[in-house]
Amino acid sequence: MVTDAYAGLKALVLRRFNGQPAGETALERLQDNPEAWRPALTAELERVAAGGDADLVRAAQRLMEMLDAEGTSAGKYQVDARGAQGVQIGDHSTQSNVFNAAPPSP
């Protein structure tokens, strides 16, 4: 079931990237080296406004439910960061903050 859900999601993403070689390449190469290609794929998904594609979002949510039912039911993947500043989302991430720094020159 997970394999089929992933294949369906991948097909929706490829459809969204239709005629966009950078996005198609990032998606195909992700399997070879996820750490290297994740930033490029993320940027391409944002560029084509994939988050606004309801079918694609539903397919991604279904896959996440299959892969992490506990995290999904706990609301781990329901993040609303509108209007937030200095936000860090995700597991195992790092953030550096500098306080009392001089403001940038106009």
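This is a predicted model, so every value here is computed, not measured. (Residues numbered from 1 in each chain as written. Predicted model: local features only at pLDDT ≥ 70, side-chain atom pairs only at ≥ 80, totals over all residues. Heavy atoms only, no water.)

### Focus: the overall build of the chain
Stage number 1. Broken down by element type, the chain carries 5 helices and 0 strands.
Stage number 2. Helices and strands in the chain line up, N terminus first, as α-α-α-α-α.
Stage number 3. The globule rule puts the C-alpha radius of gyration for 106 residues at 13 Å, and the 17 Å found for the chain is more than 25% above it.
Stage number 4. Considered along the principal axes of its C-alpha atoms, the chain spans approximately 50 × 35 × 25 Å.
Stage number 5. Taking all 106 residues of the chain together, 18% fall into the buried category.
Stage number 6. Only carbon and sulfur atoms are counted for the fraction: they give 53% of the accessible area of the chain, which is about 8,100 Å².
Stage number 7. Taking the average place of the 10 positive charges on the side chains of the chain and the average place of its 14 negative ones, the gap between the two points comes to 4 Å. (Helix = DSSP H or I, 4+ residues; strand = E, 2+ residues; numbered from the N terminus. Rg over C-alpha atoms; globule rule 2.2 N^0.38 Å. Buried < 20%, exposed > 50% of the residue type's maximum accessible area, 1.4 Å probe, protein only. Areas by Shrake-Rupley, 256 points an atom, 1.4 Å probe, with all protein chains shown as cover. Lys, Arg positive; Asp, Glu negative; His and termini not counted. Charge placed at Lys NZ, Arg CZ, Asp CG, Glu CD.)

### Quick notes on the confidence of the model for the chain
Stage number 1. Confidence in the prediction for the chain averages 87 pLDDT; 100% of positions are at 70 or higher.
Stage number 2. By mean pLDDT, helix H5 (residues 69-73) is the weakest element of the chain at 79, and helix H2 (residues 21-30) is the strongest at 95. (pLDDT = per-residue confidence, 0-100.)

### A look at helix H1 (residues 2-16)
Stage number 1. For H1, spanning 15 residues, the distance from its first C-alpha to its last is 21 Å, which sits close to the expected 21 Å at 1.5 Å a residue.
Stage number 2. Burial in H1 covers these residues: Ala5, Leu9, Lys10, Leu12 and Val13. What you see down the axis of H1 is that its buried residues fit within an arc of 160°, all on one side. For H1, the exposed residues set more than 90 degrees away from the buried face come down to Thr3, Asp4 and Arg15. (Expected span 1.5 Å × (residues − 1). Arc of directions from axis to C-beta.)

### So, the nonpolar core
Stage number 1. Counting residues in hydrophobic clusters, the biggest one holds 14 residues, and the most contacted among them are Leu9, Val13, Phe17, Leu27, Leu41 and Leu56.
Stage number 2. Counting residues per element, the ones that place at least two in this core are H1, H2 and helix H4 (54-67).
Stage number 3. No other element matches the 4 residues that H1 contributes to this core.
Stage number 4. Apart from the residues within four sequence positions on either side, Val13 is in contact with Leu27, Leu45 and Leu56. (Core = buried A, V, L, I, M, F, W, Y, C linked by side-chain atoms within 4.5 Å. Contact = heavy atoms within 4.5 Å.)

### Considerations on the layout of surface pockets
Stage number 1. Of the pockets and cavities examined, the largest pocket occupies roughly 1,300 Å³.
Stage number 2. Considering the residues around the largest pocket, the lining is formed by 25 residues, among which Leu9, Thr42, Leu45, Ala60 and Met64 are closest to the centre.
Stage number 3. By residue number, the principal contributor to the lining of the largest pocket is H4, which donates 8 residues.
Stage number 4. Residues belonging to the lining of the largest pocket are distributed by class as follows: 16 nonpolar, 5 polar and 4 charged.
Stage number 5. What the second largest pocket holds in volume is close to 170 Å³.
Stage number 6. Taken together, Lys76, Tyr77, Val79, Asp80, Ala81, Ile89, Gly90 and Asp91 form the lining of the second largest pocket. (1 Å grid on protein atoms, 1.4 Å probe; cavity = no way out; pocket = protein on both sides within 12 Å on 5 of 7 lines; lining within 4 Å. Points joined across faces, edges and corners; volume = space filled by probe spheres on them. Nonpolar A, V, L, I, M, F, W, Y, C, P; charged D, E, K, R; others polar.)

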